[in-house]
Amino acid sequence: MNIPILKFDAVIVGAGGSGLRSAIQLSEAGLKTAVLSKVFPTRSHTVAAQGGVAASLGNSEEDHWRWHMYDTVKGSDWLGDQDAIEFMCKKAVEVVVDLEHYGMPFDRTDNGKIYQRPFGGHMSNFGEKPVRRACAAADRTGHAMLHAMYQRNVKANTRFFVEWMALDLIRDSEGHVVGVSAMEMESGQIVIFHARAVIFATGGSGRIFAFSTNAFINTGDGLGMVARAGIPLEDLEFWQFHPTGVAGAGVLITEGVRGEGGILRNSDNERFMERYAPNAKDLASRDVVSRAMTTEMKEGRGCGPNKDHVLLDITHLKPADIMKRLPGIREISIQFAGVDPIKEPIPVVPTCHYQMGGIPTSYDGRVVAPDAAGKNVAVPGFYAAGECACASVHGANRLGTNSLLDLLVFGKSAGDSAVEDLKAGHTHRDLPADAADRARARVAAIDGRQGGVSVAEARAAIARTMQDHAGVFRFADLLKKGVAQILEVEKMVNNLEIRDKSLVWNTARVEALETQNMIEVAKATMISAEARKESRGAHVRDDAPSTPEFPNGRNDKEWLKHTLWFSEGNRIEYKPVHLKPLTVETVALKTRTY
Amino acid sequence: MERAAFERLRWRCTRRGMLEVDMVLGRFLKEAFGKLPESGQQAFIALADYDDMALWRLISAQDECEDARLAPIVAMLRGCK
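Everything numeric here is computed off the predicted structure, so don't read it as measured data.

Participant: Explanation requested: the overall build of chain B in the structure shown.
Facilitator: Looking only at helices and strands, chain B has five helices and zero strands in total. Secondary structure elements of chain B, listed N to C terminal, follow the sequence α-α-α-α-α. Against the globule reference of 12 Å for 81 residues, chain B gives a C-alpha radius of gyration of 12 Å, in line with a compact fold. The burial tally for chain B puts 36% of its 81 residues in the buried class. In chain B, of all internal contacts separated by at least 6 residues, the share reaching a separation of at least 24 is 56%.

What follows is the structure, encoded as structure tokens:
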């Protein structure tokens, strides 16, 4: 059976913020660039980023990239690579200025500069007091960013393949990445994209949890493809739970609400964050706030008949300010929580929000993996950026507004690295004879199976297993059981059946293929979390409590290292954290307090 | 509506950038769409083509729908909780 082959200089999988940013670099360098996306680019999940993008512009008050770097290292609980963090914080101003040139409608101060607001974990003068560092376009920062970058790509002649799903990475016998197989949803046809460079910008995988702020699109497709191609996944035990998901719905209430003065209260009407983070209070780092909220609920100070949420109070703010600075928040609250926040506080719970780990990359966007000798080297022809990648700048916990910054900086640097490699002579290498075999076999097995497991059943099993065993607080026995259980769920995923066998617009088939990606992320998460016997950042274990020897349960002697999980045999290796920045002194290890 | 067209619509309603829109459109498609007359279904399809943010602003009553053909569907979406 002949499979059509489309040839491009570069193929980018994913058309969210990082994919679009990479594509600009490639197309504007005159390279023939294809972008594949399951949805129209401006409907990518980047659109949901409301809060802003961090950059030490210093427009509202004094600021410096070194302070931003310090906050990011501290936020990461020292698991972030300090070379990558320096790179990102330094580049922040440049990528925000790029956006200005693309026509991004940032909010302005009275004197015409970009308005900046405070955001959790961002401080001045190495952790002294909150600083205004987040640049925003009202509550539509991600939306405005996608539109500005999509238009720029249209101008640069980037070729978009919309409603296409990438199926598998294609590597040759020497391990070079030479393309991807993909399916056009409308026709059901499988096609090979043969490329000199492949960039993954496939976003996060938050749908593996039952309670998630992630849109339904976030099924970890890039991570699934990478895992099946023999490349490890890094630090997948670290998932950020956003403190303020609407209880019962998952829908996010942006951190900007607390930036504008919102206060968290328990059933005693107490502003409990004053006890947990005396300086930053409600603006402390997300994991600190999530843990404090969970502790309040666990100790019986949760709200409602089941004591299962706390309250986010903005009733003391002027209604006009709420409408002006936080326009979508009132409506979300009314639609999904049934309360008007001008009159009543919003019920909120910690909800899965962001994946800190992902495809291992260096700060230049090149994917890195251990070679035969165990040395971490670049995988030729392969790059990744954004939430699917792990540079690692977020380490064990991400600061708010650093995600949009991540996708801009590393989207740009992945694109630049690809341009550099292609201009240095990286040619089209021959496709292996079995280039599309894995993808075809996966599709054929799903189509041909009778009496298997439904996609809905398998997805529910993944979500339930992850939520119950690897949530915001983790317990040794539950993690151990979770590993056994997720491997059982994998058997369900290996036995998926779809009733609709149509070729054209078969969404059941696409959902089955997504589920095969989700299970790889779920296994990586559970197994990596069970293996890491300390508490760090967003990974908090009951059996690794705070002690004088290990404050906050963090054990730098044994665990200051990155996890690498390999799908084959569920094997785990570790690699060192890059503690040495590019030009400045190391941010020395210390206990993380706010 | 023929199968392929409905499946395409289902994909475009439940694979949005925003969870809010996934949830509201998904619920509507499941519970209300099939009961609409042809003209109502066409109006919904036109609305589903809107950007997430524009659609969310209509659903959440931050914006008013000025298209008389689409306004009744917007009103139904606002009630789809």
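Next comes the rest of the description.
Participant: How should the interface of chain A and chain B be read in this particular structure?
Facilitator: If you look at the interface, chain A gives 29 residues, while chain B gives 21 residues. Counting residues per element, the side of chain A that touches chain B draws most heavily on helix H10 (residues 327–337) of chain A, at five residues. For the side of chain A that touches chain B, the per-class residue count stands at twelve nonpolar, 13 polar and four charged.

Participant: Please explain the nonpolar core as it appears in this structure.
Facilitator: Among soluble globular proteins, nonpolar side chains are generally buried collectively. All names here are of chain A. Ranked by internal contacts, the top residues of the largest apolar core, which has 202 residues, are Val-11 and Ile-199. When residues of this core are assigned to their parent elements, the largest contribution, eleven residues, is made by helix H15 (residues 507–531). Apart from residues lying up to four places away in sequence, Ile-199 is in contact with Ala-10, Ile-12, Ser-22, Tyr-383, Ala-384, Ala-385, Ala-414 and Ala-418.

Participant: So what exactly am I meant to see when it comes to the packing of helix H1 (residues 17–28) of chain A against helix H11 (residues 402–423) of chain A here?
Facilitator: For any two helices packed against each other, one specifies the crossing angle of their axes together with the interaxial distance. Residues and elements named next belong to chain A. Direction vectors running N to C along H1 and H11 enclose 35°, while the axes themselves pass 7 Å from each other. As H1 packs across H11, the resulting crossing turns out to be right-handed. Contacts from Gly-17, Ser-18, Arg-21, Ser-22, Ile-24, Gln-25 and Leu-26 of H1 reach H11 at Leu-404, Leu-407, Leu-408, Phe-410, Gly-411, Lys-412, Ala-414, Gly-415, Asp-416, Ala-418 and Val-419. Here the residues of the contact of H1 with H11 sort into nine nonpolar, six polar and three charged.

Participant: What should I look at first to understand the environment of Asp-421 of chain A in this one?
Facilitator: Residues and elements named next belong to chain A. Within the element layout of this structure, Asp-421 appears in helix H11. The spatial distance from the C-alpha of Asp-421 to the C-alpha of His-147 is 28 Å, given a sequence separation of 274 residues. For Asp-421, the contacting residues outside a window of four places in its chain are Ala-197 and His-426.

The rules behind these values
Residues numbered from 1 in each chain as written. Chains lettered and ligands numbered in written order. Predicted model: local features only at pLDDT ≥ 70, side-chain atom pairs only at ≥ 80, totals over all residues. Helix = DSSP H or I, 4+ residues; strand = E, 2+ residues; numbered from the N terminus. Rg over C-alpha atoms; globule rule 2.2 N^0.38 Å. Buried ≥ 20, exposed ≤ 12 C-beta atoms within 10 Å, placed from the backbone. Contact = placed C-beta atoms within 7 Å. Nonpolar A, V, L, I, M, F, W, Y, C, P; charged D, E, K, R; others polar. Core = buried A, V, L, I, M, F, W, Y, C linked by C-beta atoms within 7 Å. Axes fitted to C-alpha atoms, helices over the stretch in contact; angles between N-to-C directions. Left-handed = near helix turned anticlockwise from the far one by under 90°.

Purely spatial values, then, with no claim about function.
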